[in-house]
Amino acid sequence: MPINLMEDVIEMLKEAKKKDANFDRILGSMCTVPHEMAKKAYNMFIETNLGDYELFKGTKELEDKAIEWIAKLLHAPPGYAGLLTSGGTESNITALWIFKKLSEKREVILPKQAHFSFEKAASLLDLKLKVVECGHFMRARDVKKYISSSTACVVAIAGNTNYGYIDEIEEIAEICSDENIFMHVDAAFGGFVAPFVSKKIIDFRAKISSVSVDAHKMGMACIPCGFLLLRNKNWIEEIKVRSKCTHTRFQATLLGTRPGAAAAAAYAVMHHLGYEGYKRIAEKCMENTGYLADLLKRNGIEYVEPELNLIAIKVKKAAEVAARLKEAGWYVGFDEESEIIRIVVMPHVSNEMINKFVEDLRKVMK
Ligand SMILES: Cc1ncc(COP(=O)(O)O)c(C=O)c1O
């Protein structure tokens, strides 16, 4: 392989980037363009490693403060613990890892709509998933009959991947508390929306054990960045290991080397926007979701009434419709089993994009 000048490599990178989808055409992703503040902070901390946090005390402080910010948003109790993770998948795996060890049991109850990261967790941790048959969200009365003496944990979702719906978290938490079993809330998507636009409680005000939230989704931070909060800081001990060769003596995260830049970006955007700023963004996304729903209705296109900023549009042959939309330049999520294409109305999705999209959708549905 030849050695290239930096300018030449930049040209190669630009060529590669041209092949990437542009966000003004992305309608099916739960990620978005990071906030300018996040990008700046990310670049400032690009070389830092939170796996060896004794070397990066300032970055560690930013991580701790970002965790505190999230803990306040989610009403964490005084003895809580927080981890900054690479996103929803790592948070979900870590929660189940801890609850398997604490309970010494292997069964996990979760809704049909749960994200596929739980399949990864089950495969890694040798867990048995008991899937609750449900509609667009999981009801408490349906959970009860799945509970047994082997149940380690119940998982509920705040903003599920296909419909953006919220499970009956408060009621399910009551049942888990009565039965003395752990309950994890996956708020990877809804964690930065529901607290601002929904009356439903998805956090520690309910009797939940843990909750995960992704800052690289509606938090407008940089990839990779999620958070896992646990009700009791002692639970962390279950996954703590001595890190013999590094300046840092202990780690309690699935990953070893971790990007401090992601923590800095999350801290920066949180402290720049504040809770008020996020509220405004979530409200705007909900307003645009309403706009899309109205437009679909006026065009006689069927959809599932949205709860958060996500609309599942009912179509026949979802994979084919998604492929035709791709030809027209649109990237949408789809689920051929449920016969839906899904539009996530993220902060980069404008009403102008929505207008053009619905026009093209009408054409491909003909
Ligand atoms: C509800 C939910 N949980 C977890 C995840 C996984 O998050 P990540 O891709 O950041 O690992 C997603 C991703 O879309 C999700 O929608």
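Residues numbered from 1 in each chain as written. Predicted model: local features only at pLDDT ≥ 70, side-chain atom pairs only at ≥ 80, totals over all residues. Heavy atoms only, no water.

1. A word on the domain arrangement of the chain
For step 1, the next point in the chain: Domain parsing of the chain yields domain 1 (6-33 + 275-365) and domain 2 (36-271).
For step 2, the next point in the chain: Between the C-alpha centres of domain 1 and domain 2 the distance comes to 26 Å.
For step 3, the next point in the chain: Counting residues at the interface gives 26 residues for domain 1 and 29 residues for domain 2.
For step 4, the next point in the chain: Counting each side, the surface lost to burial between domain 1 and domain 2 is near 2,600 Å², with a carbon and sulfur contribution of 68%.
For step 5, the next point in the chain: There are one salt bridge connecting domain 1 and domain 2.
For step 6, the next point in the chain: Glu 307 is paired through a salt bridge with Lys 200; the nearest N and O atoms lie 2.6 Å apart.
For step 7, the next point in the chain: Across the domain 1-domain 2 interface, the total number found is seven residue pairs in polar contact (both at pLDDT 80 or more).
For step 8, the next point in the chain: The set of elements that each furnish at least two residues to the side of domain 1 that touches domain 2 consists of helix H9 (260-298), strand E10 (310-314) and strand E12 (340-344).
For step 9, the next point in the chain: Ranked by residues supplied to the side of domain 1 that touches domain 2, first place goes to H9 with eight residues. (Domains from an automatic or database assignment. Contact = heavy atoms within 4.5 Å. Buried area = accessible area lost by both parts, 1.4 Å probe. Salt bridge = Lys/Arg side-chain N within 4 Å of Asp/Glu carboxyl O. Polar contact = N/O pair within 3.5 Å; in protein donor to acceptor, adjacent residues only side chain to side chain. Helix = DSSP H or I, 4+ residues; strand = E, 2+ residues; numbered from the N terminus.)

2. Quick word on the side chain of Thr 85
For step 1, the next point in the chain: Locating Thr 85 in the fold gives a position in strand E1 (residues 81-85).
For step 2, the next point in the chain: By relative accessible area, which is 5% here, Thr 85 ends up buried.
For step 3, the next point in the chain: Engagement of the side chain of Thr 85 in a polar contact is seen with the backbone nitrogen of Gly 87, the distance being 3.2 Å.
For step 4, the next point in the chain: Beyond its immediate sequence surroundings of up to four residues, Thr 85 is in contact with Glu 90, Ser 91, Pro 224, Cys 225, Gly 226, Phe 227 and Leu 228. (Buried < 20%, exposed > 50% of the residue type's maximum accessible area, 1.4 Å probe, protein only.)

3. Some words on the pairing of strand E4 (residues 151-157)
For step 1, the next point in the chain: Burial runs high along E4: seven of the seven residues are buried.
For step 2, the next point in the chain: In this structure, strand E2 (residues 107-111) lies alongside E4, joined through three bridges in parallel fashion. Note on E4: the bridge partner recorded for Val 108 is Cys 153.
For step 3, the next point in the chain: Note that E4 and strand E5 (residues 182-187) share five bridges and pair parallel. The partner of Ile 157 across the bridge, within E5, is Asp 186.
For step 4, the next point in the chain: In the classification by handedness, the crossover that spans E4, the intervening helix H7 (residues 169-179) and the parallel E5 is right-handed. (Pairing = 2+ DSSP bridges. Right-handed = clockwise from strand over helix to strand, strands pointing away.)

4. A word on the pattern of salt bridges
Side-chain pairing between opposite charges can occur once the charged atoms of the two side chains come close.
For step 1, the next point in the chain: On inspection of all chains with the given rule, the structure shows 22 salt bridges.
For step 2, the next point in the chain: Linking Glu 36 and Lys 39 is a salt bridge whose minimum nitrogen-to-oxygen distance equals 3.2 Å. A residue pair is termed a helical-turn pair when its members lie 3 or 4 positions apart in one helix, as Glu 36 and Lys 39 do in helix H2 (residues 36-44) at three residues.
For step 3, the next point in the chain: Residue class for Glu 36 comes out partly exposed when judged on its relative accessible area of 47%.
For step 4, the next point in the chain: In this structure, Glu 174 engages Lys 207 in a salt bridge whose closest nitrogen and oxygen atoms are separated by 3.3 Å. Of the two residues, Glu 174 is situated in helix H7 and Lys 207 in the loop between helix H8 (194-197) and strand E6 (210-214); the sequence distance between them amounts to 33 residues.
For step 5, the next point in the chain: Since its relative accessible area comes to 36%, Glu 174 is described here as partly exposed.
For step 6, the next point in the chain: Through salt bridges with shared partners, one network takes in Lys 60, Glu 63, Asp 64 and Arg 258.

5. Notes on the environment of Val 155
For step 1, the next point in the chain: Considering the arrangement of structural elements, one finds Val 155 in strand E4.
For step 2, the next point in the chain: Along the chain, Val 155 and Ser 117 lie 38 residues apart, while their C-alpha atoms are 12 Å from each other.
For step 3, the next point in the chain: If we skip the residues at most four places from it in the chain, Val 155 touches Leu 96, Val 108, Ile 109, Leu 110, Pro 111, Phe 118, Met 138 and His 184.

6. Concerning a nonpolar patch on the surface
For step 1, the next point in the chain: A grouping of Val 9, Ile 10, Met 12 and Leu 13 is seen on the molecular surface, where their side chains present a nonpolar patch of about 340 Å² in accessible area.
For step 2, the next point in the chain: Position of Ile 10 among the secondary structure elements: in helix H1 (residues 6-18). (Patch = residues over 30% accessible without salt bridge, like charges linked within 9 Å, V, L, I, M, F, W, Y side chains within 5 Å. Areas by Shrake-Rupley, 256 points an atom, 1.4 Å probe, with all protein chains shown as cover.)

7. Side note on the site of the ligand
For step 1, the next point in the chain: Looking at the ligand, there are 13 residues lining it, with Thr 89, Thr 161, Asp 186, His 216 and Lys 217 nearest.
For step 2, the next point in the chain: Separating an oxygen atom of the ligand from a side-chain N or O atom of Lys 217 is a distance of 2.9 Å.
For step 3, the next point in the chain: Expressed as a share of its isolated accessible area of 390 Å², the protein-covered part of the ligand is 83%.
For step 4, the next point in the chain: It is helix H4 (residues 88-103) that contributes the most residues to the shell around the ligand, three residues altogether.
For step 5, the next point in the chain: Its residues assigned to classes, the shell around the ligand shows two nonpolar, eight polar and three charged. (Near = heavy atom within 4 Å. Nonpolar A, V, L, I, M, F, W, Y, C, P; charged D, E, K, R; others polar.)

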